[in-house]
Amino acid sequence: MELTHSDVKAAAERVAGLVRPVAMAQADHTGELWLALEFLQHTGSFKARGALNFLLTHRENGTLAPVGVTIASGGNAGLACAWAARSQGVPATVFLPTTAPRVKVDRLASYGADVRLVGTQYADALAASRDFADATGALLSHAYDNPLIAAGAGTLMTEIHERIPNLDTVVVAVGGGGLFSGVATAAAHYGVRTVAVEPVRCHALHAAIAAGEVVDVEVDSVAADSLGARRAAEMALTAARRYEVDSLLVDDAAIIDARRGLWEERRLAVEHGAATALAAVLAEKPAFRPAPGERVCVVLCGANTDPSDLAR
């Protein structure tokens, strides 16, 4: 599966005026390091872009059924799906395991979603969402492994380029690969290098690149709540190969330090997943060292976190 810049361009036109334009912050005095504050997006993460592009495209194509959309996700993808569905006036049915925290259930319900608790594991909820789609004709969405979702996420890079047209490199965290696929595709169109960053113990894309095919990996990281895909999307591996992406790993200690540093120095509260990209640049022994004069943008992709552990 291969994503093209035409897909991202179409998505950008489709969601224009419906998502929040990304805010940019200069992170150093030289103007060579920038932060893309995408955690200010609707629902607190970049996922809103892909979810909206997914629904709008299906509406245009006449494939959005009256029964609406369904997804299995208690995280950012579920929130984005519920928000996008509400914005388009269609129902969203979200499946979660019975072990899901009450706060997630309540937040999904606040977006108008029909929340259904099934089984004790994510796999149970996923199977239930598929059964629901088969039985009702509801449109089945996915957290990341869909070209419309990835193209929507890629609109972020389009906006970054508009604001920093002379950008050299974009640094982005990777989970299943939806954001990465979209950003890398758009970045290549503009001649911008992509650096993909994953936790050492949560590295589906890195493992796929090494193996030459998508493979299952163990997931055990402080950032696993948002980056914990056991297998990367095929389109993510395709993008990594085609655009000769740099794939880097950072340990949990560096992620924790980067997240805490954002709070202590800038009063920005983000997810560990968002801090993962920054950790590659700011760690005591950084995984990524920009060349002199290289203009770099780090994507801070989500803020759906419990900030109580940031206070000392």
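Remember, it's a predicted structure, so these values are computed and weren't measured experimentally.

A. Quick look at helix α12 (residues 272-282). Within α12, 10 of the 11 residues are buried, leaving the element largely enclosed by the surrounding structure. Taken together, the buried positions of α12 are occupied by His272, Gly273, Ala274, Ala275, Thr276, Ala277, Leu278, Ala279, Ala280 and Val281.

B. Focus on the environment of Phe95. Position of Phe95 relative to the elements: it lies in strand β4 (residues 92-96). Assessed through its relative accessible area of 5%, Phe95 is described here as buried. C-alpha separation for the pair Phe95 and Leu117, spaced 22 residues apart in sequence, amounts to 5.9 Å.

C. Here's a closer look at the sheet that holds strand β10 (residues 296-300). The 6 strands are arranged β1-β2-β10-β7-β8-β9 in an open sheet whose pairing can be described as mixed. On the outer flanks of this sheet lie β1 (24-26) and β9 (246-250), each paired with one strand and no other. If you compare each strand with its neighbour and ignore which way they point, the axes differ by 25° on average. As paired elements, β1 and strand β2 (residues 33-37) share 3 bridges and run antiparallel to each other. Its bridge partner being in β2, Gln26 is matched across the sheet by Trp34.

D. The arrangement of the pattern of salt bridges in detail. All chains considered together, the criterion is met by 12 salt bridges. In this structure, Glu38 and Arg49 form a salt bridge, with 2.6 Å as the shortest nitrogen-oxygen distance. Separated by 11 residues along the polypeptide, Glu38 in the loop between β2 and α2 (47-60) and Arg49 in helix α2 bring together distant segments of the chain. With respect to burial, Glu38 and Arg49 carry one shared label: buried. Where Arg295 meets Asp168, a salt bridge forms, and the shortest distance between an N and an O atom there is 3.6 Å.

E. Geometry of the packing of helix α11 (residues 252-266) against α12. One way to put it is that α11 packs onto α12 with a least axis distance of 8 Å and a crossing angle of 100°. Viewed along their axes, α11 and α12 adopt a mutual orientation that is roughly perpendicular. For the pair formed by α11 and α12, the contact residues are Ala254, Ile255, Ile256, Ala258, Arg259 and Leu262 on the first element and His272, Ala275, Thr276, Leu278 and Ala279 on the second. When its residues are assigned to classes, the contact of α11 with α12 shows 8 nonpolar, 2 polar and 1 charged.

F. Examining the packing of aromatic side chains more closely. Scanning the entire structure with this criterion turns up 1 aromatic pair. A cation over an aromatic ring shows up here: Arg267 above the ring of Trp263, its NZ or CZ 4.5 Å from the ring centre.

G. Main features of the side chain of Arg49. Taking relative accessible area as the criterion, Arg49 reaches 0% and is therefore assigned buried. Within the structure, Arg49 has its side chain in polar contact with the side chain of Thr155 (distance 3.0 Å).

H. Molecular detail of the environment of Gly68. Mapping Gly68 onto the fold places it in the loop between α2 and β3 (69-72). Sequence separation between Gly68 and Val90 is 22 residues; the distance between their C-alpha atoms is 5.2 Å. If we ignore the near neighbours within four places in the chain, the residues touching Gly68 are Val90, Pro91, Ala138 and Leu139.

I. Summary view of the environment of Gly273. Following the sequence through the fold, Gly273 ends up in helix α12. For Gly273 and Thr305, which are 32 residues apart along the polypeptide, the C-alpha to C-alpha distance reads 9.7 Å. The residues touching Gly273, leaving out its near neighbours within four places in the chain, are Ala173, Ala223, Ser226, Leu227 and Cys301.

J. Broad picture of the pairing of strand β8 (residues 193-199). Within β8, 6 of the 7 residues are buried, which leaves the element mostly enclosed by the surrounding structure. Sheet topology note: the strand β7 (residues 169-173)/β8 ladder contains 5 bridges and is parallel. When the sheet's bridge partners are listed, Val171 is paired in β8 with Val195. On the question of chirality, the crossover connecting β7 to the parallel β8 by way of helix α7 (residues 178-189) is right-handed. The pairing of β8 with β9 spans 5 bridges and is parallel. Its bridge partner being in β9, Val197 is matched across the sheet by Leu248.

How each quantity is defined
- Residues numbered from 1 in each chain as written.
- Predicted model: local features only at pLDDT ≥ 70, side-chain atom pairs only at ≥ 80, totals over all residues.
- Heavy atoms only, no water.
- Buried < 20%, exposed > 50% of the residue type's maximum accessible area, 1.4 Å probe, protein only.
- Helix = DSSP H or I, 4+ residues; strand = E, 2+ residues; numbered from the N terminus.
- Pairing = 2+ DSSP bridges.
- Axes fitted to C-alpha atoms, helices over the stretch in contact; angles between N-to-C directions.
- Salt bridge = Lys/Arg side-chain N within 4 Å of Asp/Glu carboxyl O.
- Parallel < 35°, antiparallel > 145°, perpendicular 65-115°, else oblique.
- Contact = heavy atoms within 4.5 Å.
- Nonpolar A, V, L, I, M, F, W, Y, C, P; charged D, E, K, R; others polar.
- Phe/Tyr/Trp six-rings, centres within 6.5 Å; stacked < 30°, edge-to-face > 60°.
- Lys NZ or Arg CZ within 6 Å of the ring centre and 35° of its normal.
- Polar contact = N/O pair within 3.5 Å; in protein donor to acceptor, adjacent residues only side chain to side chain.
- Right-handed = clockwise from strand over helix to strand, strands pointing away.

Coordinates in, geometry out; function isn't part of it.
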